[in-house]
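# Remarks on the overall topology
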Amino acid sequence: MGILAREGYELTPRADEAEVLVVNTCSFIESAQKESVDAILEMAEHKKFGAAKKLIVAGCLVERFREQILEQVPEVDAVVGTGEVERILEAVEGDLRVLPAEPPAFLYHDLTPRIITTPRHAAYIKIAEGCDHPCTFCIIPQLRGKFRSRRFESVVREAENLAASGAREITLIGQDTTSYGEDLGLRDGLAQLLERLGQVEDLLWVRFLYAYPNRVTQKLLDTLAAHPRLAKYMDMPLQHASRSVLARMKRGSHGDAFLKLLERIRATIPGVSLRTSFIVGFPGETEADFEELCGFVRAAKLDWIGVFEYSDVDNAGSYALDTKVDAETITERRNRLMAIQKKISRERLRGFKGSTALALVEGPSKDNPLVWEARLEGMAPDIDGKLYLTDIELPIGETACSGDAARVEITKTDAYDLIGHVVEILPRPVGPGISAGPPMPPTEALTRISTGAALRVLG
Ligand code: SF4
C-alpha cells in the first residue's frame, strides 16, 4: 500500500469503485486458504461488473499456488508472492503476470513506504521474517522463507518515526522474534533491541510477540524486568505439553520443563502476564496426551491462552503422520481446554476488582457504543481481553482521548474482560508533531480503510 500511495495511487476501501483490486492472501491453514479463494472470487465479480480493470493476487497463497491461481481464475491478471512485494507497481502498471518461484527473500526497512492501518497510538513493527524451525504442522518456512533479521538501526529508526507521529505502543512481530539478530552476528539481539527501544521517549509500552520457548534467555528476561517501557508481557506459543506430541511436532521439550521456565519468568519479572497457544488434535494425540495438556493448563495458570484445532495441510510434515484424530474429538478437546482456562482467567481477573491500573485508552468500543475500550499492560492489541471504560470524563471536566495513558479504577470483572472508569489522565507527550498534530500525509485526508483507522504513510 505504501509503494502504491507513494506513486500517487488513491486507496479506497470500496471494491466497487477501485480500478485495481489487490487481494492479499493467507495460506497458513485450510480455512485461511478457503477464505482467500473466496475473497479472490468475490473480487473477480467486481472485475466483471464494476470499475475494476485489474485483479492482482498477492501474499502467501501465491507461494503455494502460483500457476494454479492464474489458470483457474482467468480474471486474475497477476500474482505477487511474498518475496516480490516491491514489484507490485509492475503488476499494477505493466505486464508482470507471474514470476518464477524463488525463495522469498523480501524484507522491508525503514525507508520502504508503509501505510499504517492500525489506530495512530498503536503500531506493529516486523523485526524479522521467515523461520528456520522444523515444526511439522507448519508451512510458514515454505511460504515466508529462511529466517532473516532487519537491521538494528532500521528498526530503531522506524520506532522513533512512529513515536514521533503519535504511537504510544509498539508491538514487535516476526515468526521467530527470539532469534532476532542471530543472522547479524548479534548475541541476545532481541534483548539488545528491546533495551534500545525502551529508551524511545513518548512510548508507553514496547512489547514483542511469539517467543520460542528454548530461545528465552535470562538476559531477555532481565531486560524486560529492568526497563519500565518494556511491557511485562510474554506471548510464548508452547503448542502442547505432552513429550510425545511435542516430539512428533519436532519441537522437543515437555510440560515439566515449561512449568520450570514459567516459574523462572515469573520470578524474574514480577506481575508478568503470560500468553500461550496450543494445538489440540495433532496426529497421534491420545486421550492421555490431552489429559496431560489439561493438567498443564491447570498448573500453569496462564493469563491468556489460544487453542487451535489441528488442521491438515498437504505439504506440512505432519500430513504424512498416521493416527489422525477425528474432527469431532478435536473440537470437543478444544472446548474442554477452553473451559478449564475460562475458570482460571475469571479467577485471575477477579483479583483486579477495586484496584487502580495504568491503561492505554483505545477509543469508542465497536461492540457497544456506550462504552470505550482500553488495555492494560498485560493485554496485547487484538488478541487478549479488554478493559471497557464506562466513564472517560473526570469530575473536573477533562476527558480522555484515544492514545491517552490513564489510571483506571476497575469496578467489575468477567471471564476475559474488565470494566472500569478513568480516574486520572496522564500528561500527554509533547514531542515534535504530537501536540500540534503531525503534518497530514496526503493519503490521510483522502481515504480510510475498513478498520476505520485513518491511513498514514511512513517512510
Ligand atoms: S517456530 Fe512458528 S513459524 Fe517457525 S516453523 Fe514453528 S510454528 Fe512455524
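A brief look at the structure comes next.

### As for the overall build of the protein
- From N to C terminus, the protein includes 13 helices and 18 strands.
- Since a compact globule built from 459 residues should have a radius of gyration of about 23 Å, the 23 Å found for the protein is in line with a globular shape.
- A burial count over the protein gives 53% of its 459 residues as buried.
- At a minimum sequence separation of 6, the contacts of the protein that also span at least 24 residues come to 71%.
- Of the roughly 21100 Å² that the protein leaves accessible, carbon and sulfur atoms contribute 53%.
- Between the averaged position of the 56 positive side-chain charges in the protein and that of its 68 negative side-chain charges there is a distance of 4 Å.

### Some thoughts on the sheet that holds strand 10 (residues 233-235)
- Across the sheet, 3 strands lie side by side as 10-11-12; this open sheet has parallel pairing. Two strands in the sheet have a free side with no partner beyond their single neighbour: strand 10 and strand 12 (304-309). Strand-to-strand twist in this sheet, taken as the mean axis angle between neighbours without regard to direction, amounts to 10°.
- Bridge analysis of strand 11 (residues 273-280) against strand 12 gives 6 bridges, and the strand direction is parallel. When the sheet's bridge partners are listed, V280 is paired in strand 12 with E309.

### Quick notes on unusual backbone geometry
- Not every positive phi belongs to a glycine, and Y210 is a case in point at roughly 70°.
- Locating Y210 in the fold gives a position in the loop between strand 9 (205-208) and helix 8 (218-226).
- Even without glycine at this site, K301 takes up a positive phi of about 45°.
- On the secondary structure map, K301 appears in the loop between helix 11 (287-300) and strand 12.
- Among the residues examined, K301 registers a relative accessible area of 44% and is labelled partly exposed.

### What about the pattern of salt bridges?
- All chains considered together, the criterion is met by 37 salt bridges.
- Measuring nitrogen to oxygen at the nearest pair gives 3.3 Å for the salt bridge that ties E63 to R66. Taken together, the residues span about one helical turn, with E63 and R66 both in helix 3 (residues 60-72) at a distance of 3 residues.
- You can call E63 buried: its relative accessible area is 17%.
- Here E287 and R336 are joined by a salt bridge, their closest N and O atoms 2.8 Å apart. In this pair, E287 sits in helix 11 while R336 sits in helix 12 (residues 327-350), placing the two residues 49 residues apart along the sequence.
- The class of E287 is partly exposed, set by a relative accessible area of 34%.
- On the accessibility criterion, R336 (27% relative accessible area) is partly exposed.

### Side note on helix 6 (residues 152-164)
- The end-to-end C-alpha distance of helix 6 is 19 Å, a good match for the 18 Å that 13 residues give at a rise of 1.5 Å each.
- For helix 6, the full list of buried residues reads F152, S154, V155, V156, E158, A159, L162 and A163.
- Downstream of helix 6 by a residue or two, G166 has a phi angle that is positive, lying close to 110°.

Here is what the cut-offs are and how they apply
Residues numbered from 1 in each chain as written. Predicted model: local features only at pLDDT ≥ 70, side-chain atom pairs only at ≥ 80, totals over all residues. Heavy atoms only, no water. Helix = DSSP H or I, 4+ residues; strand = E, 2+ residues; numbered from the N terminus. Rg over C-alpha atoms; globule rule 2.2 N^0.38 Å. Buried < 20%, exposed > 50% of the residue type's maximum accessible area, 1.4 Å probe, protein only. Contact = heavy atoms within 4.5 Å. Areas by Shrake-Rupley, 256 points an atom, 1.4 Å probe, with all protein chains shown as cover. Lys, Arg positive; Asp, Glu negative; His and termini not counted. Charge placed at Lys NZ, Arg CZ, Asp CG, Glu CD. Pairing = 2+ DSSP bridges. Axes fitted to C-alpha atoms, helices over the stretch in contact; angles between N-to-C directions. Salt bridge = Lys/Arg side-chain N within 4 Å of Asp/Glu carboxyl O. Expected span 1.5 Å × (residues − 1).

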